[in-house]
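Survey of secondary and tertiary structure
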Amino acid sequence: MVHFGRYIKAHHVPGWETYYIGYKQLKRRINECSKHAAEGSEEERQEILRRFSKLLDSQVEKIVLFFLERQGILAGRLQELRERTEYDPSDENMGTTISLVSERGSLIEAYRQIGKDLLDLLQYVKMNAMGLRKILKKFDKRLGVRLREHYLHTRINHPYSQLQQVLRQVGIGAIIATISRNLAELQSERWNSYSSFTLGNQIPKAIENEYQKLTKEASVLSFMASGFLLQPSDEELLETAEEIEYHPWSAYLNQLNTFLYMVNYYVIVPTSDEYAQLLNTPATVSGVVIGSMPLAATISAIIFTLWSNKSYKAPLIVSTLLLILGNLSYALALPLNSVWLLLLGRALEGLGCARAINRRYIMHEVPQSKIRAFSAAFVSASALGMTVGPALASALSSVDFKVGGMIVNYCSASGWVLGFAWILYLLLILILFKEPNKPHQMESMKSKEANSGPKEEDFGALAPLLGDSLNKEEDKTDESSRSFIDVLKEMNLPIQILLTNYFMLKFASEMLISEATLVTGYYFSWSSSTVGWFLGALGLTVLPSSAVVANYISNKFQERLIIIWSLILTIIGVVGNFSLAPFIRYTEVQYIISALVIFVSTNILEGVDMSLFAKMMSPRLAKGLFNCGFLSTEAGTIARALADGLITLVGRGGMANLLNFTMIPTLAITLCTFLFTWFGYYSLY
């Protein structure tokens, strides 16, 4: 890869050399600053930051003033051409057809030349914007600070910002519009009636392409300034990847945690009702047994979200220890004949839920260029765990022996197996997991760097005119201090709709899976092993359905339309799952088809819902404790807990009414979600 300093030298516009960013000089200054910062005190480091910021201000001022000068020259030339074209070619006083053709050719050539000059100017601005970004990156890397975001944020958001000339490009846009309109006018019918000469579109197309590149570079700078980089350029992705100290084993262990947790969650579904009966409680208590885990997870999500601000390894270790204790408690409930020990075990497993850590690690500690792949792997790991869990329960269905008088059977065996699996995972975490350089460790430095931000002396004679605007950055409310009420006020209609959809789909899918053993046992006399294999096969449908949506449906249809159709399919699946006995016999075919429709449609809805969620949430809802990711996780977890609790509550009325009485609230929630989504359909874009 060519060094950027050489790239500027090789691609600069002749005659403009002195107006480009002094990239080599700034690199030399960074080397000097690095030496002084390593040897100097904290006060000297702050002085280095302040002086380097002022040096950058001087470079930006040079670039912007030259840009405005060249922009004005182009505008003046366009004004002269406009005066030449303010006539009617059909006017008899204009002369012969030959003179009109000659005049048209002259105008075309003039506009082409302006277009070429505009291309040079666009490339000039883009190259300098790239240079500024690269220099800030290099400074942060050499000195171990976070000046880039702070510098861009304070300069771009200032009322007298020079960088806004680069970001908004209002003048450039007006010049492009003028060139395009006049070239189109020269090809219009009134000119073509005098000549068959046609004008190519190479120059306008080249201008448009270069303008898009500049806009993309400006967007990168703008999003850096906001501290929320959404869609960086490909080059920025590669650079960000280089900045992060990426540790593959830690990332893989993070994914393994997701897989094991989902196995742990769903492994008891086929046997929970029988386990409850073995402990002399009704089979419908299985709803409480399953639901105690997500209910406890709502608490741990808050704790681990806050803890992960400081560390990943420590909360992962604590999470694993809780899961080990939870599984051992779950396994010992049988020999000790205690349903309370069973519930305690599931609650401890819920408290060990580290999915908040898993998601955060992917978003913050994996290089930007790998986030998509790891996000997809996260979903796949969850789906695979959902499949392996019930399948493991089926594989253990023949277990029945005693060890030292302690009973181990198909119900408690999963606790011993997963307890051992979590012990192995704990060893892997202790040996292989590497704590990354946390962003919070840089925050104190960032706040100190704020002293090098725009002070009054940085704006000279303008300072008295700015008033309190210089201190806007200091008056901003810390994102982490926002209350839940503040977040609710920021949630607009689309976000409310998407959260409602997420709650509904988790409620419906959890209701289907958690009552599967009870329903199939009552109507079809399925064994726990059969239920396990059925749920495992159902889980396998996630991967192909997600692939079809990602590669075909999402490319052909709008996401909001996919959401509507997914809701309709979910409603059809729920309605189809109602039992009309004794009028019509409830068959296995009816159950399997309706279960398949509900499961697939809710999984499709989840993928599209989360995709639209990421696109529509504001930067403020992506930060702090009460961010959209946290809110969606809590919505899904609460939905699961409510569904599992409802199974136990309704089951007290007898197994004959369990299916219909659980499908009624499921249908009501699904219909309300559909109506709410239909009401705000056009806000989803």
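Keep in mind it's a predicted model, so treat the numbers as computed, not measured.

Here is what the cut-offs are and how they apply
- Residues numbered from 1 in each chain as written.
- Predicted model: local features only at pLDDT ≥ 70, side-chain atom pairs only at ≥ 80, totals over all residues.
- Heavy atoms only, no water.
- Helix = DSSP H or I, 4+ residues; strand = E, 2+ residues; numbered from the N terminus.
- Buried < 20%, exposed > 50% of the residue type's maximum accessible area, 1.4 Å probe, protein only.
- Contact = heavy atoms within 4.5 Å.
- Areas by Shrake-Rupley, 256 points an atom, 1.4 Å probe, with all protein chains shown as cover.
- Phe/Tyr/Trp six-rings, centres within 6.5 Å; stacked < 30°, edge-to-face > 60°.
- Lys NZ or Arg CZ within 6 Å of the ring centre and 35° of its normal.
- Expected span 1.5 Å × (residues − 1).
- Bend = angle between axes of the 7 residues up to and from the residue.
- Pairing = 2+ DSSP bridges.
- Polar contact = N/O pair within 3.5 Å; in protein donor to acceptor, adjacent residues only side chain to side chain.
- Axes fitted to C-alpha atoms, helices over the stretch in contact; angles between N-to-C directions.
- Left-handed = near helix turned anticlockwise from the far one by under 90°.
- Nonpolar A, V, L, I, M, F, W, Y, C, P; charged D, E, K, R; others polar.
- Patch = residues over 30% accessible without salt bridge, like charges linked within 9 Å, V, L, I, M, F, W, Y side chains within 5 Å.
- Salt bridge = Lys/Arg side-chain N within 4 Å of Asp/Glu carboxyl O.
- Lys, Arg positive; Asp, Glu negative; His and termini not counted.
- Charge placed at Lys NZ, Arg CZ, Asp CG, Glu CD.
- UniProt positions renumbered as here; feature names shortened; annotations may be inferred.
- Core = buried A, V, L, I, M, F, W, Y, C linked by side-chain atoms within 4.5 Å.
- pLDDT = per-residue confidence, 0-100.

Our focus in this paragraph is the overall build of the protein. Along the backbone of the protein there are 30 helices and two strands. Considering the protein as a whole, with its 685 residues, one finds that 50% of them fall into the buried category. Taking the contacts inside the protein whose residues are at least 6 apart along the sequence as the reference set, 83% of them involve residues at least 24 apart. Surface exposure of the protein reaches about 32,000 Å², of which carbon and sulfur atoms provide 61%.

A few words now on the packing of aromatic side chains. Geometrically, a pair of aromatic rings is defined through the distance of the ring centres and the angle of the planes. Scanning all chains against the criterion turns up 26 aromatic pairs. Between tryptophan 422 and tyrosine 425, the aromatic rings sit 5.5 Å apart at their centres with planes inclined by 90 degrees, giving edge-to-face as the arrangement. Separated by three residues within a single helix, tryptophan 422 and tyrosine 425 lie in helix H18 (residues 413–432), roughly one turn from each other. Judged by its relative accessible area of 1%, tyrosine 425 falls in the buried class. Taking 4.9 Å as the distance between ring centres and 90 degrees as the angle between the ring planes, the aromatic pair formed by tyrosine 522 and tyrosine 523 counts as edge-to-face. Given the relative accessible area of 43%, tyrosine 522 is considered partly exposed. Taken together, the ring pairs in this structure connect Tyr522, Tyr523, Phe524, Trp526, Phe534, Tyr586 and Tyr591 into an aromatic cluster. Sitting over the face of the ring of tyrosine 265, arginine 346 holds its NZ or CZ atom 5.8 Å from the ring centroid. Sitting over the face of the ring of tyrosine 265, arginine 640 holds its NZ or CZ atom 5.7 Å from the ring centroid.

On to helix H13 (residues 286–307), then. Over its 22 residues, H13 runs 32 Å from end to end, which matches the ideal 32 Å to within 8%, given 1.5 Å per residue. The sharpest bend along H13 measures roughly 30 degrees and falls at serine 292, with the proline proline 294 sitting one to four residues further on.

When strand S1 (residues 400–403) meets strand S2 (residues 406–409), the two strands line up antiparallel, connected through four bridges. Across the sheet, residue aspartate 400 finds its bridge partner in S2, namely asparagine 409. Between the antiparallel neighbours S1 and S2 lie two residues, among them glycine 404 with a positive phi of about 60 degrees.

Turning our eyes to something else, we now look at the side chain of glutamate 349. Among the structural elements, glutamate 349 can be located in helix H15 (residues 339–351). At 3.2 Å, the side chain of glutamate 349 and the side chain of arginine 346 are in polar contact. If near-sequence neighbours (up to four positions away) are discounted, glutamate 349 is found in contact with Tyr261, Asn264, Met293, Leu322, Leu323, Gly326, Asn327 and Tyr330.

Our focus in this paragraph is the packing of H13 against H15. Where H13 contacts H15, the axes come no closer than 6 Å and their chain directions differ by 35 degrees. Every pair of crossing elements has a handedness; the one defined by H13 and H15 is right-handed. Residues Val288, Val289, Ile290, Ser292, Met293, Ala296, Ala297, Ile299, Ser300 and Phe304 of H13 touch H15, and the partners they reach there are Leu342, Leu343, Arg346, Ala347, Glu349, Gly350 and Leu351. Taken together, the residues of the contact of H13 with H15 sort by class into twelve nonpolar, three polar and two charged.

A surface patch of like charges, here positive, comprises Arg6, Lys9, Lys24, Lys27, Arg28, Lys35, Lys138, Lys141 and Arg142. Per element, the largest residue contribution to the positive patch is four residues, and it comes from helix H2 (residues 23–39). Its place among the elements puts lysine 138 in helix H4 (residues 97–143). For lysine 138, a relative accessible area of 30% gives the class partly exposed.

Between alanine 581 and the following residue, proline 582, the backbone shows a cis peptide bond with an omega angle of 10 degrees. Within the element layout of this structure, proline 582 appears in the loop between helix H27 (559–576) and helix H28 (588–616). Not every positive phi belongs to a glycine, and serine 525 is a case in point at roughly 60 degrees. Tracing the backbone through its elements, the reader meets serine 525 in the loop between helix H24 (516–524) and helix H25 (528–540). With a relative accessible area of 63%, serine 525 lands in the exposed category.

What follows covers the UniProt feature "transmembrane region" (unreviewed entry) in the protein. UniProt tags residues 285–307, 314–333, 373–393, 413–433, 530–550, 562–584, 590–612 and 663–684 as "transmembrane region" (unreviewed entry). For the annotated span residues 314–333, helix accounts for 95% and strand for 0% of the residues, and the straight-line distance between the end C-alpha atoms is 29 Å.

In this section: the pattern of salt bridges. Scanning all chains against the criterion turns up seven salt bridges. For glutamate 32, the salt bridge is made with arginine 29, and the minimal N-O distance between the two is 3.7 Å. Within this pair, glutamate 32 and its partner arginine 29 are both found in helix H2, separated by three residues, close to a single helical turn. Taking relative accessible area as the criterion, glutamate 32 reaches 43% and is therefore assigned partly exposed. A salt bridge links arginine 346 to glutamate 349; the nearest nitrogen and oxygen atoms lie 3.2 Å apart. Here arginine 346 and its partner glutamate 349 are both found in helix H15, three residues apart, which amounts to about one turn of the helix. Across this residue pair, the class does not change: arginine 346 and glutamate 349 are buried. Linked through salt bridges whose partners overlap, the residues forming this network are Glu47, Arg50 and Arg51.

Inside soluble globular proteins, nonpolar side chains tend to come together where they are buried. Judged by nonpolar contacts, the single largest core of 109 residues is most densely connected at Tyr261, Tyr275, Leu342, Trp422, Leu535 and Tyr591. Per-element accounting of this core gives the leading share, twelve residues, to helix H23 (residues 493–514). Apart from the residues lying within four places of it in its own chain, the contact partners of tyrosine 261 are Met293, Ala297, Leu323, Glu349, Gly350, Cys353, Arg355 and Trp422. With 48 residues, the next largest nonpolar core counts Leu143, Leu147, Leu152 and Ile175 among its residues.

Our focus in this paragraph is the confidence of the model for the protein. Looking at the protein as a whole, its pLDDT mean stands at 77, while 74% of the residues score no less than 70. Note that residues 189–200 has pLDDT below 50 and, in this model, 30 contacts with residues that lie over four places away or in other chains. Between residues 439–481, whose pLDDT stays under 50, and residues either more than four places distant or in other chains, the model counts 55 contacts.

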